[in-house]
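# Geometric and topological summary
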Amino acid sequence: MTGRVTAPEPAVCQHVGVTMSETSPRLPDACASGRTPAPLRIGPLAVPTPVELAPMAGVTNASFRRLCREMAEAALPEALRPSRPGPVAAPAGGLLAPAGLYVTEMVTTRALVERNERTLAMVRTDPAERVRSIQLYGVDPATVGAAVRILVEEDLADHIDLNFGCPVPKVTRKGGGAALPWKRDLLAAILTEAVRASEAAAHAVGRARQVPVTMKMRLGIDEEHETFLDAARAAENAGIAAVALHARSARQHYSGQARWEEIARLKESTALPVLGNGDIWLGDDAVRMMETTGCDGVVVGRGCQGRPWLFADIVAAMHGSSARTRPDLDAVIEVIRRHGRMLAEEMGEDRGVRDLRKHVGWYLKGYPVGGAARADLMGIRTLDELDAGLERMRSRLPDVVDYPGDIVEGPREAGSPKTPRLPDGWLDSPALDEAHREMLSQAESDVSGG
Ligand SMILES: Cc1cc2nc3c(=O)[nH]c(=O)nc-3n(C[C@H](O)[C@H](O)[C@H](O)COP(=O)(O)O)c2cc1C
């Protein structure tokens with residue numbers, strides 16, 4: 001088939017009875033599977049399609065994770081498609097992630113330990129999820145350990161990812177985010193404590209499965225101050241289960257090209273599974289990254305903003321199908337409507353529709369809908385207003401508005417390089433001193449993503 005996302009399909013996937021949403025678009029038929037990637041294992045997690053939705057603050061809430069995952073699963077070879085929602089057992093007591101991992105937005109450890117209401121809502125995952133992957137951000141070993149204990153003891157997570165990649169100046173200025181791995185003793189202490197807390201908590205409450213801890217990082221602060229190879233060594237020593245590398249420095253921010261060759265360097269230097277990240281815009285990019293770098297899996301961020309069907313294309317590509325998704329405008333409108341309803345259910349109509357607005361901008365990128373329609377949709381407050389706005393927009397356009405092609409297959413956000421802000425004297429020593437420790441305690445409150 002062409003891979004075009006078309007009108008809504010019936011509620012039940014004809015092949016295996018997977019209950020999909022009423023408006024799930026038709027996705028590529030990847031049943032004619034050829035190649036299958038080497039299965040990725042992260043502790044007890046078996047990931048036969050080695051792709052991960054990147055944690056993105058303000059983006060990867062439960063609704064968006066579900067949208068991406070459902071589209072990915074619809075493109076799986078039939079033998080891998082789960083027959084019902086929720087966890088799927090893997091051999092030897094493991095857990096299967098048939099279409100990959102879909103990670104929450106970053107949650108700060110201090111807010112979790114303080115049981116902040118909003119934070120707790122973020123870690124209450126969708127019951128339909130296969131694997132509950134939660135990303136934590138913390139700067140203090142004891143607080144990170146306490147947060148990990150909560151997630152494991154209270155059975156809130158199957159996988160915990162630690163974020164060391166945030167490039168935002170207000171965070172690195174206090175030694176947090178991508179600046180932190182420069183202090184090797186602190187990084188090692190956080191990693192060790194997270195793994196220890198996870199193991200101890202699983203044992204204390206008699207959980208059948210361990211909860212693996214992974215880490216996500218950047219190349220370093222800038223080209224002269226790389227940290228990723230040392231950080232991977234620390235991860236290996238601490239018992240971390242896998243490392244993900246966004247192949248840019250903090251200085252690069254989101255600009256320029258990710259340096260995939262550095263992913264290959266990491267893969268050569270560590271025995272841990274390596275997930276490569278940066279600039280995957282197409283299904284074939286995912287396969288190309290794995291082939292050219294030797295990495296064990298890929299992490300996908302901006303490429304799926306406004307294009308959750310990218311996961312269908314990645315699944316298809318990884319399982320050897322040539323089917324690709326090229327939605328016309330009507331198919332995109334159906335996805336927007338569905339996404340809006342999911343968000344309204346997740347967080348209430350008011351917050352949900354406000355959250356949807358940025359996605360609408362991303363979804364419509366490249367489609368010739370006009371500035372006035374875009375502005376109109378940026379003002380919506382209810383689902384009815386969304387439907388009415390989409391209808392007004394549609395009524396002014398031709399019967400068929402085709403997929404625009406290459407123009408939608410690039411970054412929604414890129415920006416330019418930014419000189420990293422660091423605490424005075426931060427680069428003088430790889431060990432943390434008291435003054436910097438004090439400053440770091442303030443680094444967690446301002447964080448907003450990676
Ligand atoms: C809006 C936004 C929010 C992000 N939030 C996080 C985050 O919370 N945690 C994290 O580790 N990385 C975060 N990132 C970084 C992404 O996970 C990913 O590493 C980065 O976008 C590079 O991958 P890409 O080229 O596929 O986009 C964020 C990126 C964006 C664009």
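Overview of the structure. Remember, predicted model here, so these are calculated numbers, not experimental data. (Residues numbered from 1 in each chain as written. Predicted model: local features only at pLDDT ≥ 70, side-chain atom pairs only at ≥ 80, totals over all residues.)

## Focus on the sheet that holds strand S2 (residues 45-47)
- Spatial strand order, S1-S2-S5-S4: four strands in an open sheet with mixed pairing. With one partner strand each, in any of the chains shown, strand S1 (40-42) and strand S4 (88-90) form the two edges of the open sheet. The mean angle between the axes of side-by-side strands here comes to 35°, regardless of whether they run parallel or antiparallel.
- Here three bridges tie S1 to S2, and the two strands are oriented antiparallel to one another. Bridging from a neighbouring strand, Arg41 pairs with Ala46 of S2. (Pairing = 2+ DSSP bridges. Helix = DSSP H or I, 4+ residues; strand = E, 2+ residues; numbered from the N terminus. Axes fitted to C-alpha atoms, helices over the stretch in contact; angles between N-to-C directions.)

## Some points on the nonpolar core
- Within the largest apolar cluster, 130 residues are counted, with the highest numbers of intra-cluster contacts made by Val243, Val298, Val300, Phe311 and Val315.
- Here this core takes nine residues from helix H11 (residues 329-347), the largest share from any one element.
- Split by domain, the residues of this core number at least three in each of domain 1 (40-325) and domain 2 (329-405). (Core = buried A, V, L, I, M, F, W, Y, C linked by C-beta atoms within 7 Å. Buried ≥ 20, exposed ≤ 12 C-beta atoms within 10 Å, placed from the backbone. Domains from an automatic or database assignment.)

## Structural notes on helix H14 (residues 383-395)
- Taking 1.5 Å per residue as the helical rise, H14 with its 13 residues ought to reach 18 Å, and the 18 Å between its terminal C-alpha atoms agrees with that figure.
- Among the residues of H14, Leu386, Leu390 and Met393 are the ones counted as buried. Take H14 and look down its axis: the buried residues cluster within an arc of 60°, on one side only. Seen from the buried face of H14, the exposed residues on the opposite side, beyond 90 degrees, are Asp384, Glu391 and Ser395.
- Packed against the buried residues of H14 are H11, helix H12 (349-364) and helix H13 (371-378). (Expected span 1.5 Å × (residues − 1). Arc of directions from axis to C-beta. Contact = placed C-beta atoms within 7 Å.)

## A look at the packing of helix H4 (residues 141-153) against helix H6 (residues 184-204)
- In contact at an axis separation of 8 Å, H4 and H6 are set at 30° when each is read in the N-to-C sense. Relative to H6, H4 is oriented roughly parallel. The two elements H4 and H6 meet at a crossing, and its hand is right-handed. Contacts between H4 and H6 pair Pro141, Val144, Gly145, Val148, Arg149, Val152 and Glu153 from the former with Ala189, Ile190, Glu193, Ala194, Ala197, Ser198, Ala201, Ala202 and Ala204 from the latter.
- Looking at the contact of H4 with H6 residue by residue, the class counts come to 11 nonpolar, two polar and three charged. (Parallel < 35°, antiparallel > 145°, perpendicular 65-115°, else oblique. Left-handed = near helix turned anticlockwise from the far one by under 90°. Nonpolar A, V, L, I, M, F, W, Y, C, P; charged D, E, K, R; others polar.)

## Description of the packing of helix H8 (residues 260-269) against helix H9 (residues 283-293)
- Closest axis-to-axis distance for the H8/H9 pair is 9 Å, and the angle between their directions is 50°. One way to sum up the angle between H8 and H9 is to call them oblique. In this structure, H8 meets H9 at a crossing whose hand is right-handed. Where H8 abuts H9, its residues Trp260, Ile263, Ala264 and Lys267 lie against Met289, Thr292 and Thr293.
- Class assignment for the residues of the contact of H8 with H9 results in four nonpolar, two polar and one charged.

## Remarks on the sheet that holds strand S9 (residues 213-218)
- Ordered by their spatial adjacency, eight strands build a closed barrel running S3-S6-S7-S8-S9-S12-S13-S14, and the pairing between neighbours is parallel. Adjacent strand axes in the sheet meet at a mean angle of 25° when their direction is disregarded.
- Bridge count for S9 against strand S12 (residues 242-246) is five bridges, and the pairing is parallel. Note that in S12 the partner of Met217 across the bridge is Leu245.
- Contacting S12 and strand S13 (274-277), H8 crosses the sheet at an angle of about 175° to S13.

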